[in-house]
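Commentary on secondary and tertiary structure
The chain contents come next:
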Amino acid sequence: MTAPAPPSSVDDDLWSAIGDPTRRRILDLLLADGGGTATSLSRQLPVTRQAVAKHLDVLDRAGLVRSSAVGREKQCQVDAAQLERAADQLASVGRAWDRRLHRIKAIAEAIETTRRS
């Protein structure tokens, strides 16, 4: 049995971006600190500044962070609207799976009732 297709409102690029644990941690740090640079974030993570910069680029392409030049670095902040969109999508996917699981449960209960008869 193949997995059902996600709802059309789901943005695969967005979910791919936040599917990585390091990028989720970067988002957490940016939210906690109100923003940051690749250098400041790398001090709090077990990865290099260059790795953080690459992760920030992925998050930027997904629209989850916005950056502005500050000297030779980019100051990054979470885009609250895009993060809210991600949360809404997650809730929507959760509701869809709840409906599917409810249907599966009803089918299983019907089969069990039939077997008992």
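Residues numbered from 1 in each chain as written. Predicted model: local features only at pLDDT ≥ 70, side-chain atom pairs only at ≥ 80, totals over all residues. Heavy atoms only, no water.

**Describing the overall build of the protein**
In terms of helices and strands, the protein carries five helices and two strands. Starting at the N terminus, the α and β elements of the protein follow one another as α-α-α-α-β-β-α. Relative to the 2.2 N^0.38 estimate, which gives 13 Å for 117 residues, the radius of gyration of the protein is 20 Å and therefore markedly larger than a compact globule would have. With the C-alpha coordinates aligned to their principal axes, the bounding extent of the protein is approximately 75 × 25 × 25 Å. In the protein, which comprises 117 residues, the share counted as buried stands at 29%. Sequence-distant contacts in the protein: of pairs separated by 6 or more residues, those separated by 24 or more amount to 54%. Total accessible area on the protein stands at roughly 7900 Å², and carbon and sulfur atoms take up 54% of it. (Helix = DSSP H or I, 4+ residues; strand = E, 2+ residues; numbered from the N terminus. Rg over C-alpha atoms; globule rule 2.2 N^0.38 Å. Buried < 20%, exposed > 50% of the residue type's maximum accessible area, 1.4 Å probe, protein only. Contact = heavy atoms within 4.5 Å. Areas by Shrake-Rupley, 256 points an atom, 1.4 Å probe, with all protein chains shown as cover.)

**Looking at the packing of helix 2 (residues 21-33) against helix 4 (residues 49-61)**
It is at 10 Å that the axes of helix 2 and helix 4 come closest, and there the two elements cross at 85 degrees. For the element pair helix 2 / helix 4, the angle class is roughly perpendicular. Contact residues: helix 2 offers Thr22, Arg23, Ile26, Leu27 and Leu30, while helix 4 offers Val52, His55, Leu56, Val58 and Leu59. By residue class, the composition of the contact of helix 2 with helix 4 is seven nonpolar, two polar and one charged. (Axes fitted to C-alpha atoms, helices over the stretch in contact; angles between N-to-C directions. Parallel < 35°, antiparallel > 145°, perpendicular 65-115°, else oblique. Nonpolar A, V, L, I, M, F, W, Y, C, P; charged D, E, K, R; others polar.)

**Some remarks on the environment of leucine 101**
Position of leucine 101 among the secondary structure elements: in helix 5 (residues 80-116). Spatially, the C-alpha atoms of leucine 101 and glutamine 89 are 18 Å apart, while their sequence positions differ by 12 residues.

**Some words on helix 2**
Taking 1.5 Å per residue as the helical rise, helix 2 with its 13 residues ought to reach 18 Å, and the 18 Å between its terminal C-alpha atoms agrees with that figure. Within the sequence span of helix 2, burial applies to Arg23, Ile26, Leu27, Leu29 and Leu30. Summarising the axial view, the buried residues of helix 2 lie within an arc of 165 degrees, below the 170-degree limit, and thus occupy one face. Opposite the packed face of helix 2, turned more than 90 degrees from it, sit the exposed residues Pro21 and Ala32. Looking at the packing, one finds that the buried side of helix 2 touches helix 1 (12-18), helix 3 (38-42), helix 4, strand 1 (65-70) and strand 2 (73-78). Measuring from the side-chain oxygen of the N-cap residue of helix 2 to the backbone nitrogen of threonine 22 gives 2.8 Å; that N-cap residue is aspartate 20. At the exit of helix 2 stands glycine 34, carrying a positive phi of roughly 80 degrees. (Expected span 1.5 Å × (residues − 1). Arc of directions from axis to C-beta. Polar contact = N/O pair within 3.5 Å; in protein donor to acceptor, adjacent residues only side chain to side chain.)

**Overview of the confidence of the model for the protein**
Model confidence for the protein is summarised by a mean pLDDT of 90, while 91% of its residues fall at 70 or above. Under a pLDDT of 50 for its full length, residues 1-8 has, in the predicted model, four contacts with residues more than four places off or in other chains. (pLDDT = per-residue confidence, 0-100.)

**Considering helix 4**
The terminal C-alpha atoms of helix 4, which comprises 13 residues, lie 18 Å apart, in line with the 18 Å expected from a rise of 1.5 Å per residue. For helix 4, the complete set of buried residues consists of Val52, His55, Leu56 and Leu59. Buried residues in helix 4, looked at end-on, bunch into an arc of 105 degrees, giving them a common side. Facing away from the buried side of helix 4, by more than 90 degrees, are the exposed residues Gln50, Lys54 and Arg61. The elements touched by buried residues of helix 4 are helix 1, helix 2, helix 3, strand 1 and strand 2. Directly after helix 4, the chain includes glycine 63, whose backbone phi takes a positive value near 80 degrees.

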